[in-house]
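Structural characterization, general
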Amino acid sequence: MKLLVTSLVLALTIASAQAMPNTKRTLTFDANVEAPLKTQMLSDLAFLGSVKSTKTSPLHLKVFGQVDGAVYADWFGSRIYSIGKNDCGSANAVACVIPYINSNKMWVTKNYTQFDHPQVARVSVTYHEARHSETQNGNWSHATCPTPFKDANGNDMKSIWTGALLQGQPACDVTAFGSYGSATILLKNIAMNCSNCNSKVKADADIFGNDQINRIIDANSKAAMKADFGMRK
Ligand SMILES: [Zn+2]
């Protein structure tokens, strides 16, 4: 009899968990994710989960909702359920989602760990990857960067993360709503609107946001983003 009650309780627990798929899911880490990396990622996510603001740009409202830690935590938690390590098929990759394996799993490469980039930049990478989890949007696959691909000063565009040349790489987007666009919208809103971030965090967010917007290669999409951020054309 006692056994029967235990199985019934278990069955009820499973049914209620299935009824609420996105609530308070625990992020899991593969066994080969080193403890310091796991701690760092959890602390990065906790930082974004603590953000406060009274202002949000229109594009941010469309992609994420309000600039608010709880909104960010829900957004990320309903997209990425687990973290693993992978080379992501390229020496230049920093992180990836591999939809044919699992659209809700984010993988990080050695490039994620071997550079000492600011916390807000790291967390923007995890949000970039979370956008790739959206199977209903074709996982927001990237566009190929032009060849040549030059900045406003005529220099070759390079990854701010690894220094890799971007021309001809699948490392650009046409839309403002893909992974590069949404991570840029996140960074610029932290820079502009976070009310409890210190000046270093806001400056870092601005530097990385101003870099990532250049991955948007459609002039109209880029202009719409600049207008959203109050940037000069
Ligand atoms: Zn991507």
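Along every chain, residues carry numbers that run from 1 in the direction the sequence is written. The model is predicted, so local features are restricted to residues of pLDDT at least 70 and side-chain atom pairs to those at 80 or more, both for listing and for counting; the totals for chains, interfaces and linings are taken over all residues.

1. Side note on the sheet that holds strand E2 (residues 82-85)
Put simply, the test is: Here a strand pair is declared whenever DSSP counts at least two bridges between the two strands. A run of H or I in DSSP counts as a helix once it spans at least four residues, and a run of E counts as a strand once it spans at least two, with each numbered from the N terminus. With C-beta atoms placed from the backbone, a contact is any residue pair whose C-beta atoms sit within 7 Å. Lines fitted to C-alpha atoms define the axes here, with helix axes fitted over just the stretch in contact, and angles between the N-to-C directions of these axes take values from 0 to 180 degrees.
One open sheet holds the four strands; their spatial order is E1-E2-E4-E3, and the pairing between them is mixed. With one partner strand each, in any of the chains shown, strand E1 (28-29) and strand E3 (95-98) form the two edges of the open sheet. Two elements, E3 and strand E4 (residues 102-108), share four bridges in a ladder whose sense is antiparallel. Looking at the pairing, alanine 95 lines up with valine 108 of E4. Across the sheet, helix H6 (residues 119-131) lies against E3 and E4, angled at about 15° from E3, the strand it touches most.

2. Focus: the nonpolar core
Counted only if it meets this: The term nonpolar core refers to a set of buried Ala, Val, Leu, Ile, Met, Phe, Trp, Tyr and Cys residues connected through C-beta atoms within 7 Å. The burial criterion counts other C-beta atoms lying within 10 Å of a residue's C-beta, which is placed from the backbone; the residue is buried at 20 or more, exposed at 12 or fewer, and partly exposed between these limits.
By size, the foremost hydrophobic cluster in this structure holds 44 residues, and its most contacted members are Ala95, Leu187 and Ile190. Those elements giving two or more residues to this core turn out to be helix H2 (35-48), helix H4 (69-77), E3, E4, H6, helix H7 (179-193), helix H8 (199-212) and helix H9 (219-229). Counting residues per element, this core draws most heavily on H7, at eight residues. When near neighbours in sequence (up to four residues on either side) are disregarded, isoleucine 190 contacts Val51, Val120, Cys197, Lys202 and Ala205.

3. Some remarks on the pairing of E4
Bridge count for E2 against E4 is four bridges, and the pairing is parallel. Bridge pairing links lysine 85 to valine 108 in E4. Where E3 folds back onto E4 in an antiparallel hairpin, the turn is made up of three residues.

4. Describing the packing of H6 against H7
Two numbers describe a pair of packed helices, the interaxial angle and the distance between the axes. Heads up, the condition is: With the far helix as reference, a near helix turned anticlockwise by less than a right angle produces a left-handed crossing, and one turned clockwise produces a right-handed crossing. Gly counts as polar in this scheme, as do all residues outside two lists: the nonpolar Ala, Val, Leu, Ile, Met, Phe, Trp, Tyr, Cys and Pro, and the charged Asp, Glu, Lys and Arg.
The N-to-C vectors of H6 and H7 enclose an angle of 145°; their axes lie 8 Å apart at closest approach. For the pair H6 and H7, the crossing hand works out as right-handed. Residue-level inspection shows Val120, Ser124, Tyr127, His128 and Arg131 of H6 in contact with H7, the latter providing Ser179, Tyr180, Ser182, Ala183, Leu186, Leu187 and Ile190. Its residues assigned to classes, the contact of H6 with H7 shows seven nonpolar, four polar and one charged.

5. A closer look at the confidence of the model for the chain
How we decide: Note: pLDDT gives the predictor's confidence per residue, expressed from 0 to 100.
Overall, the prediction assigns the chain a mean pLDDT of 91, with 90% of residues at 70 or greater. The low-confidence segment residues 1-22 (pLDDT under 50) makes two contacts with residues lying over four places distant or belonging to another chain.

6. Overview of the packing of H7 against H9
To keep it simple, the criterion reads: Roughly parallel means an angle under 35 degrees; roughly antiparallel means over 145; roughly perpendicular covers 65 to 115; every other angle is labelled oblique.
Across the interface, H7 lies against H9 with an axial gap of 10 Å and an inter-helix angle of 20°. With respect to their mutual orientation, H7 and H9 come out roughly parallel. For the element pair H7 and H9, the recorded crossing hand is right-handed. Listed contacts from H9 to Gly181, Thr184, Lys188 and Met192 of H7 are Ser221, Met225 and Phe229.

7. With respect to unusual backbone geometry
Of note, the bond from threonine 147 into proline 148 is cis; its omega dihedral lies within 30 degrees of zero at -5°. Locating proline 148 in the fold gives a position in the loop between H6 and H7. The phi torsion at asparagine 139 lies on the positive side, around 60°, for a residue other than glycine. With respect to the helices and strands, asparagine 139 occurs in the loop between H6 and H7. Even without glycine at this site, tryptophan 140 takes up a positive phi of about 50°. Turning to its location among the elements, tryptophan 140 is positioned in the loop between H6 and H7.

8. Thoughts on H7
Each full turn of the α-helix corresponds to 3.6 residues, which orients residues three or four apart in the same direction. So the rule is basically this: Each residue after the first adds 1.5 Å to the expected span of a helix.
The first and last C-alpha atoms of H7 sit 21 Å apart over 15 residues, in line with the 21 Å expected at 1.5 Å per residue. Counting buried residues along H7, 14 of its 15 residues qualify, which places the element largely inside the surrounding structure.

9. Considerations on the environment of threonine 126
Considering the arrangement of structural elements, one finds threonine 126 in helix H6. Judged by local crowding, threonine 126 falls into the buried class, with 21 C-beta atoms found within 10 Å. Setting aside its immediate chain neighbours within four residues, threonine 126 contacts Asp44, Leu45 and Met106.

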